[in-house]
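# Examination of the molecular architecture
This is what each chain is made of:
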Amino acid sequence: MLHLWSAGRSDSFCDVTTTNRKKLTDNLAAVRERIAAACGRVKRRPQEVRLVAVTKSASLAAIKELVSLGQEDLAESRVQQLTQRAEELAAWRAKLESPLPPERWHMVGQLQRNKVKACIAVAQTIHSVDSLRLAEEISLRAQRDNRQLDLLLEVNCSEESQKSGVAVGAAVHLAEQVSTLKAIRLVGLMTMAPLVANAEQARFTFVRLRELFEEAQHEKIGGRNFDQLSMGMSNDFEVAIEEGATIVRIGTALFQ
Ligand SMILES: *Cc1c(COP(=O)(O)O)cnc(C)c1O
């Protein structure tokens with residue numbers, strides 16, 4: 001493989017090959033174009049949709065490259081990897097000649113209560129809250145650290161038994177309870193669509209999440225902070241945007 005820069009150079013591109021850099025640049029541009037096209041179909045503005053890059057299967061070099069290309073929102077699904085990646089990026093950042101804006105970390109995977117402390121030391125937003133006990137633990141820890149965390153409730157919209165997320169029928173009530181906790185802001189709802197051959201088959205899960213979101217808004221849960229719908233991944237994000245997604249969480253389409 002061809003390395004662009006001489007060894008020892010400590011800037012952003014020292015360990016990414018030209019091929020990888022071109023691929024990432026193209027992937028990012030392609031994803032942004034597809035977001036814009038999906039927005040166009042339903043008369044939304046592309047700025048209404050935030051792209052969160054899910055880095056769980058990416059190399060550190062690829063993550064640095066994506067950050068260098070201006071991607072600021074990153075997500076992990078496991079606390080240990082979240083902590084490790086954040087540390088590695090911070091060390092890299094500290095050595096950059098021209099500073100980059102700090103990345104924002106999102107936690108999108110199942111979170112155990114005994115990992116909350118480590119998680120919130122890094123993450124600003126947690127998408128995968130599905131119980132009051134977990135939300136209470138986050139609230140307590142955040143309060144101790146004098147922090148304010150953004151939370152989304154994960155809803156099991158497809159009602160698959162093996163899936164995490166609060167049941168559809170319990171979601172609005174849980175949102176109401178969570179919205180009263182201290183040191184957190186309930187900013188919205190999140191769902192993961194089922195694995196389907198055709199993204200159209202996932203549409204019903206996005207519609208369901210949007211309906212719950214509107215129901216909660218109608219009941220004034222979360223107030224003005226409650227305005228985020230985190231739905232859509234590499235295989236289905238265009239359909240999710242058509243149904244109102246304000247955050248799409250994309251891994252494969254960026255890093256493959
Ligand atoms: C891995 C993951 C994603 C990204 O999935 P891709 O299909 O790779 O885009 C999004 N959300 C969650 C919760 C994930 O675990």
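Figured I'd write up the structure that's included with this text. (Residues numbered from 1 in each chain as written. Predicted model: local features only at pLDDT ≥ 70, side-chain atom pairs only at ≥ 80, totals over all residues. Heavy atoms only, no water.)

Within the structure, the ligand sits among Val54, Lys56, Val108, Met192, Met233, Ser234, Arg249, Ile250, Gly251 and Thr252. A distance of 2.8 Å is found between an oxygen atom of the ligand and a backbone nitrogen or oxygen belonging to Gly251. Here an oxygen atom of the ligand sits 2.5 Å away from a polar atom, N or O, in the side chain of Thr252. Contact with the protein chains hides 90% of the accessible area of the ligand, taken as 390 Å² for the molecule alone. (Near = heavy atom within 4 Å. Polar contact = N/O pair within 3.5 Å; in protein donor to acceptor, adjacent residues only side chain to side chain. Areas by Shrake-Rupley, 256 points an atom, 1.4 Å probe, with all protein chains shown as cover.)

Note that Gln124 resides in the loop between helix H4 (116-120) and strand E4 (125-129). C-alpha of Gln124 to C-alpha of Leu149: the two residues are 25 residues apart in sequence and 5.6 Å apart in space. When neighbours within four sequence positions are excluded, Gln124 is seen to be in contact with Glu103, Arg104, Trp105, Arg147, Leu149 and Asp150. (Helix = DSSP H or I, 4+ residues; strand = E, 2+ residues; numbered from the N terminus. Contact = heavy atoms within 4.5 Å.)

Our focus in this paragraph is the pattern of salt bridges. Using the criterion set out here, one finds 20 salt bridges in the structure. Glu103 serves as the salt-bridge partner of Arg93, at 2.3 Å between the closest nitrogen and oxygen. A residue pair is termed long-range when its members are at least 10 positions apart, and Arg93 in helix H3 (residues 79-94) and Glu103 in the loop between H3 and strand E3 (104-107) qualify at 10 residues. You can call Glu103 buried: its relative accessible area is 10%. The salt bridge partner of Glu214 is Arg210, with a shortest N-O separation of 3.7 Å. Of this pair, Glu214 and Arg210 both sit in helix H7 (residues 203-218), 4 residues apart, which is roughly one turn of that helix. (Salt bridge = Lys/Arg side-chain N within 4 Å of Asp/Glu carboxyl O. Buried < 20%, exposed > 50% of the residue type's maximum accessible area, 1.4 Å probe, protein only.)

Another point: the side chain of Asp73. Relative to the assigned elements, Asp73 resides in strand E2 (residues 73-76). A relative accessible area of 3% places Asp73 in the buried class. At 3.2 Å, the side chain of Asp73 forms a polar contact with the side chain of Arg50. When near neighbours in sequence (up to four residues on either side) are disregarded, Asp73 contacts Arg50, Leu51, Val52, Ala53, Arg104 and His106.

Another point: unusual backbone geometry. Its identity as a non-glycine residue notwithstanding, Asn146 has a phi of 60°, on the positive side. Its place among the elements puts Asn146 in the loop between helix H5 (132-144) and strand E5 (149-156). Here Lys220, not a glycine, exhibits a phi torsion of approximately 60°, which is positive.

Counted at 1.5 Å a residue, the expected span for H5 with its 13 residues is 18 Å, and the 18 Å between its end C-alpha atoms agrees. Taken together, the buried residues of H5 touch H4, E4, E5, helix H6 (168-178) and strand E7 (184-190). Just downstream of H5 lies Asn146, where phi reads positive at about 60°. (Expected span 1.5 Å × (residues − 1).)

Bringing the nonpolar core into the picture now. One finds Ile126 and Ile138 to be the most contacted residues of the largest nonpolar core, which totals 73 residues. The residues touching Ile126, leaving out its near neighbours within four places in the chain, are Met107, Leu111, Cys119, Ile120, Ile138, Leu149, Asp150, Leu151 and Leu152. Residues Val52, Val54, Ala75 and Ile247 belong to the second largest nonpolar core, which totals 5 residues. (Core = buried A, V, L, I, M, F, W, Y, C linked by side-chain atoms within 4.5 Å.)

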